[in-house]
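The residues making up each chain are set out below.
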Amino acid sequence: MVAQILFLVLTLAAIALFTINLRKIIRNIRLGKAVNRNDQPAKRWITMLRVAFGQSKMVVRPIPAFLHFFVYIGFVIINIEVLEIMIDGIFGTHRIFNGLGGLYNFLIASFEILALTVWVSCAIFLIRRNVLKLKRFSGVEMKSWPKSDANYILITEILLMSAFLLMNAADAKLQSLGVGHYVQAGAFPVSQYLINLLPSTESALVIIERSCWWFHIIGILAFLNYLPYSKHFHILFAFPNTYFSNLEPKGEFTNMASVTNEVKAMLDPSFVPAESEPGKFGAKDVTDLTWVNLMNAYTCTECGRCTSVCPANITGKLLSPRKIMMDTRDRITEVGQNIDKHGAEHQDGKSLLDDYISREEIWACTSCNACTEACPVNIDPLQIIVELRRYAVMEESQAPASINAMMGNIENNQAPWKYSPADRFNWAQES
Amino acid sequence: MAELMAAGEEPEILFWVGCAGSYDERAQKITRDICKILHHVGIKYAVLGTEESCTGDPAKRAGNEFLFQMQAMTNIEVLNAYNIKKIVTGCPHCFNTIKNEYPGLGGTYEVIHHTQLIQDLINEGKLKAEGGESFKGKKITYHDPCYLGRANGIYEAPRKALEVLDAQLVEMKRCKSNGLCCGAGGAQMFKEPEKGNKDINVERIDEALQTNPQVIAAGCPFCMTMLSDGVKLKDKEQEVKVLDIAEITARANGL
């Protein structure tokens with residue numbers, strides 16, 4: 001009875017804490033500007049099913065895709081087991097789904113095999129990061145917390161799977177000893193090999209089984225509450241993030257309506273804009289970005305596929321699309337913390353541009369869309385870069401001198417080079 | 001175009017030449033070859049001549065939305081005044097801008113890139129690869145321009161134009177949706193690159209040269225500049241030619 005109450009309190013506390021943090025993140029995302037991403041629901045569902053559920057963009061790199069698929073499937077399917085743990089925990093039962101008979105044995109057996117594949121995959125992932133030191137996982141933005149974060153996640157998953165398998169092994173041994181509470185249930189294709197490693201006394205086995213059970217479930221609840229502080233949040237946000245993907249051609253940049261009004265008024269003095277939208281052009285800080293940009297930032301799991309295909313980054317420039325997303329996330333988190341501490345009106349005098357992302361980074365982008373193509377969850381770093389450029393150019397007139405010259409040429413000669421418009425048709429004179 | 005209009009005629013298609021195609025000496029050759037192809041197959045086309053002006057693409061990518069929309073609206077006024085329905089462009093950047101960004105500002109046209117036009121003509125049997133230079137067996141590698149490939153998903157049209165040559169097509173390691181940028185997009189063409197350890201076009205040329213090509217095929221005047229510069233830098237001008245799909249098509253047909 002005490003155990004049941006303790007379990008209930010822990011579970012409710014964990015869910016409450018997670019809800020509070022999730023709501024904060026959603027509030028932070030809503031600090032972004034409005035953009036309509038509710039059109040074409042059918043196409044959006046299909047995109048989410050294909051990209052998030054179907055992992056379609058992962059397959060480009062087969063080895064991590066294969067390993068990630070095991071971890072992903074393991075995560076989704078082993079959650080059925082978590083449901084049983086929840087019910088057992090609340091009602092003090094043991095293996096409540098046992099009534100499913102053969103199906104139950106099949107489920108437990110498949111959980112075990114999945115647990116093993118998750119274990120092995122995470123171990124390989126750790127090796128790739130820490131022993132093989134794959135280039136994709138390094139970079140200026142991958143120092144300190146981001147580096148530890150990745151390792152914590154992998155180690156936690158290995159520990160959780162170990163506890164699950166050890167719990168099953170102890171359970172199986174207790175079942176074979178005919179201990180009353182431990183009904184004959186489940187099949188144990190993996191943990192059977194652990195049985196011989198365990199002590200044979202009933203009391204010791206019960207302690208091991210119970211410890212692993214508690215470790216497993218407390219671990220899951222703790223992990224749930226770790227998510228809002230971690231890159232691992234993608235396991236939840238990958239789904240809405242792909243649903244709200246940009247469905248237009250990648251080359252299409254938004255036409256700014258606020259500019260259209262001004263340009264129309266310039267070209268036609270009789271034009272009266274329907275509604276004037278005050279505010280600045282482009283983005284200086286995260287709150288000038290759209291809520292989709294901010295959701296993108298929280299979804300990023302720092303895998304670095306974007307950066308590894310970025311032509312600027314490949315050739316040694318400072319720009320890293322992954323850093324753009326991480327900076328955006330870190331800054332919106334900071335803005336959110338300011339609101340919590342000092343109220344919504346507080347200004348800390350910092351901004352995304354300059355305090356987080358430098359001018360050198362934004363001007364190194366070729367807008368080639370390699371990053372958006374590579375992202376397995378349809379994150380768009382390019383849009384953030386363009387919004388920052390828009391601010392730099394339209395609000396501050398702070399572009400590199402040669403860019404200013406190019407724009408001056410377009411204004412004066414209708415071409416980015418300094419040629420006379422009268423000569424535009426000269427190509428027709430065969431040379 | 002003004003002449004056609006005065007004569008009370010309408011073209012089947014408007015050829016949007018683009019700034020590079022109009023002023024850049026190397027790109028002018030591509031422009032003339034596109035005209036030769038249009039003429040060869042008997043399509044009635046027109047150009048705006050001095051009435052054309054920059055689409056605003058480099059301004060938009062650089063963040064100057066004002067300048068972009070000024071250019072766009074002026075161009076749309078001209079195009080709509082001539083009642084233009086269909087446009088072929090010689091440049092993927094013009095193509096992307098007119099096709100995707102002009103409709104929202106009141107300019108809706110059917111827009112194709114010249115490699116798509118060539119593909120259509122080949123499919124319709126109007127264009128072959130005969131009567132000119134033979135590319136048979138030659139090693140050709142095609143560089144995907146970002147604003148044609150990833151930006152608009154056009155990967156097959158330019159390859160179709162090369163397939164009819166009976167040449168040996170070799171793909172670079174990074175091709176199609178994984179293609180590496182030449183380094184010119186996003187207004188980079190008009191500025192010096194940021195500090196780094198290599199120029200992007202050199203990175204791309206190194207990769208292209210690994211396929212041991214006789215021809216590097218391009219579909220964009222900016223890629224043309226970047227790739228040609230790369231070949232020059234590697235001192236491979238004699239062995240490797242950088243040619244636009246339109247030039248290859250024109251040569252293969254003896255135009």
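Because the structure is predicted, anything quoted here is derived from the model rather than measured.

Caption draft 1: Geometry of the interface of chain A and chain B. Contact residues are listed per partner, giving 60 residues for chain A and 66 residues for chain B. Interface area for chain A against chain B, summed over the two sides, is near 5,400 Å², with a carbon-plus-sulfur share of 65%. When the area that chain A buries against chain B is broken down by residue, the three leading residues are Trp417(A), Arg424(A) and Trp427(A), summing to 16%. Taken together, the links from chain A to chain B amount to two salt bridges. Among the ionic pairs, Glu52(B) bridges to Arg424(A), the shortest N-O distance being 3.2 Å. Where the side of chain A that touches chain B is concerned, the elements lending two or more residues are α8 (257–267), α11 (311–314), α14 (359–363), α15 (370–374), α16 (381–395) and α17 (401–413) of chain A. Residue contributions to the side of chain A that touches chain B peak at seven residues, all from α8(A). Looking at the side of chain A that touches chain B residue by residue, the class counts come to 33 nonpolar, 14 polar and 13 charged.

Caption draft 2: Region of the structure containing the sheet that holds strand β7 (residues 215–218) of chain B. Residue and element names in this part refer to chain B. The four strands are arranged β6-β5-β7-β8 in an open sheet whose pairing can be described as parallel. Taken across any chain shown, the strands that pair with only one partner, and hence form the sheet edges, are β6 (168–169) and β8 (241–244). As judged from the four bridges shared by β7 and β8, these two strands associate in the parallel manner. Looking at the pairing, Ala218 lines up with Asp244 of β8. Against the sheet, helix α8 (residues 156–163) touches β5 (139–142), β6 and β7, its axis set at about 170 degrees to β5. Those strands touched by helix α10 (residues 221–233) are β7 and β8, and its axis lies near 170 degrees from that of β8.

Caption draft 3: Broad picture of helix α7 (residues 234–243) of chain A. Residues and elements named next belong to chain A. Of all ten residues making up α7, eight are buried, and the element is well covered by its neighbours. Residues of α7 that are buried: His234, Ile235, Phe237, Ala238, Phe239, Asn241, Thr242 and Tyr243. Close packing links the buried residues of α7 with α1 (2–29), α2 (41–53), α3 (62–91) and α9 (291–299).

Caption draft 4: Geometry of the pairing of strand β1 (residues 13–16) of chain B. Residue and element names in this part refer to chain B. Burial along β1 is two-sided: the residues Ile13 and Phe15 and Leu14 and Trp16 are all buried. Here two bridges tie β1 to strand β2 (residues 45–46), and the two strands are oriented parallel to one another. Paired with Ile13 across the strands is Tyr45, a residue of β2. Across three bridges, the pairing between β1 and strand β3 (residues 86–89) is parallel. Bridging from a neighbouring strand, Leu14 pairs with Ile87 of β3.

What counts, and at which threshold
Residues numbered from 1 in each chain as written. Chains lettered and ligands numbered in written order. Predicted model: local features only at pLDDT ≥ 70, side-chain atom pairs only at ≥ 80, totals over all residues. Heavy atoms only, no water. Contact = heavy atoms within 4.5 Å. Buried area = accessible area lost by both parts, 1.4 Å probe. Salt bridge = Lys/Arg side-chain N within 4 Å of Asp/Glu carboxyl O. Helix = DSSP H or I, 4+ residues; strand = E, 2+ residues; numbered from the N terminus. Nonpolar A, V, L, I, M, F, W, Y, C, P; charged D, E, K, R; others polar. Pairing = 2+ DSSP bridges. Axes fitted to C-alpha atoms, helices over the stretch in contact; angles between N-to-C directions. Buried < 20%, exposed > 50% of the residue type's maximum accessible area, 1.4 Å probe, protein only.

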